[in-house]
Amino acid sequence: QDYAQAARWCRAAAEQGHADAQCSLGTCYLGDRGTRQDDAQAVRWFRAAADQGHAIAQRMLGWCYAQGEGVQQDHTQAVRWYR
């Protein structure tokens with residue numbers, strides 16, 4: 001498995017606005033898979049996908065707010081994204 005190559009392909013698609021790729025790239029940044037771990041970048045990409053209605057990205061963004069990963073912990077925002 002070549003996580004670095006997968007992350008490059010995800011980034012190319014994410015930059016074109018593909019919500020699945022944006023969510024996958026967020027997961028790469030959050031989990032240190034093919035990229036260096038960068039929680040703020042994870043949030044950036046989860047938000048891009050979540051704003052398009054991507055349910056998994058919305059859940060992941062809610063989790064980031066609940067845990068304070070990449071953003072200041074904010075339970076109100078967490079609940080907003082979990083809904």
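Here, every reference points to the structure presented above.
Residues numbered from 1 in each chain as written. Predicted model: local features only at pLDDT ≥ 70, side-chain atom pairs only at ≥ 80, totals over all residues. Heavy atoms only, no water.

A. Fine view of helix 2 (residues 19–31). Spanning 13 residues, helix 2 covers 18 Å between terminal C-alpha atoms, matching the ideal 18 Å at 1.5 Å per step. Here helix 2 has its buried residues at Ala19, Ala21, Gln22, Cys23, Leu25, Gly26, Cys28, Tyr29 and Leu30. Here the buried face of helix 2 lies against helix 1 (3–15), helix 3 (39–50) and helix 4 (55–67). Looking one or two places after helix 2, you find Asp32, whose phi comes out positive at around 60°. (Helix = DSSP H or I, 4+ residues; strand = E, 2+ residues; numbered from the N terminus. Expected span 1.5 Å × (residues − 1). Buried < 20%, exposed > 50% of the residue type's maximum accessible area, 1.4 Å probe, protein only. Contact = heavy atoms within 4.5 Å.)

B. Geometry of the side chain of Thr35. Checked against the element boundaries, Thr35 lands in the loop between helix 2 and helix 3. Residue Thr35 is classed as buried on the basis of its relative accessible area, which comes to 17%. A polar contact is formed between the side chain of Thr35 and the backbone oxygen of Cys28, at a distance of 3.2 Å. (Polar contact = N/O pair within 3.5 Å; in protein donor to acceptor, adjacent residues only side chain to side chain.)

C. Highlighting the pattern of salt bridges. For the coordinates displayed, the defined rule picks out 2 salt bridges. Here Glu15 ties to Arg11 by a salt bridge, and the two come within 3.5 Å at their closest N and O atoms. Remark: Arg11 and Glu15 occur in helix 1; sequence separation between them is 4 residues, near one turn of the helix. Ionic pairing is found between Asp38 and Arg36, a salt bridge with its closest N-O pair at 2.9 Å. Using a relative accessible area of 17% as the deciding quantity, one classes Asp38 as buried. (Salt bridge = Lys/Arg side-chain N within 4 Å of Asp/Glu carboxyl O.)

D. The arrangement of the packing of helix 1 against helix 2 in detail. In the contact formed by helix 1 and helix 2, the axes pass within 8 Å of each other and the chain directions differ by 140°. The pairing of helix 1 with helix 2 is recorded here as oblique in orientation. The handedness of the crossing between helix 1 and helix 2 comes out as left-handed. Across the interface between the two elements, Ala7, Cys10, Arg11, Ala13 and Ala14 from helix 1 touch Ala21, Gln22, Ser24, Leu25, Cys28 and Tyr29 from helix 2. Counted by class, the contact of helix 1 with helix 2 contains 8 nonpolar, 2 polar and 1 charged residues. (Axes fitted to C-alpha atoms, helices over the stretch in contact; angles between N-to-C directions. Parallel < 35°, antiparallel > 145°, perpendicular 65-115°, else oblique. Left-handed = near helix turned anticlockwise from the far one by under 90°. Nonpolar A, V, L, I, M, F, W, Y, C, P; charged D, E, K, R; others polar.)

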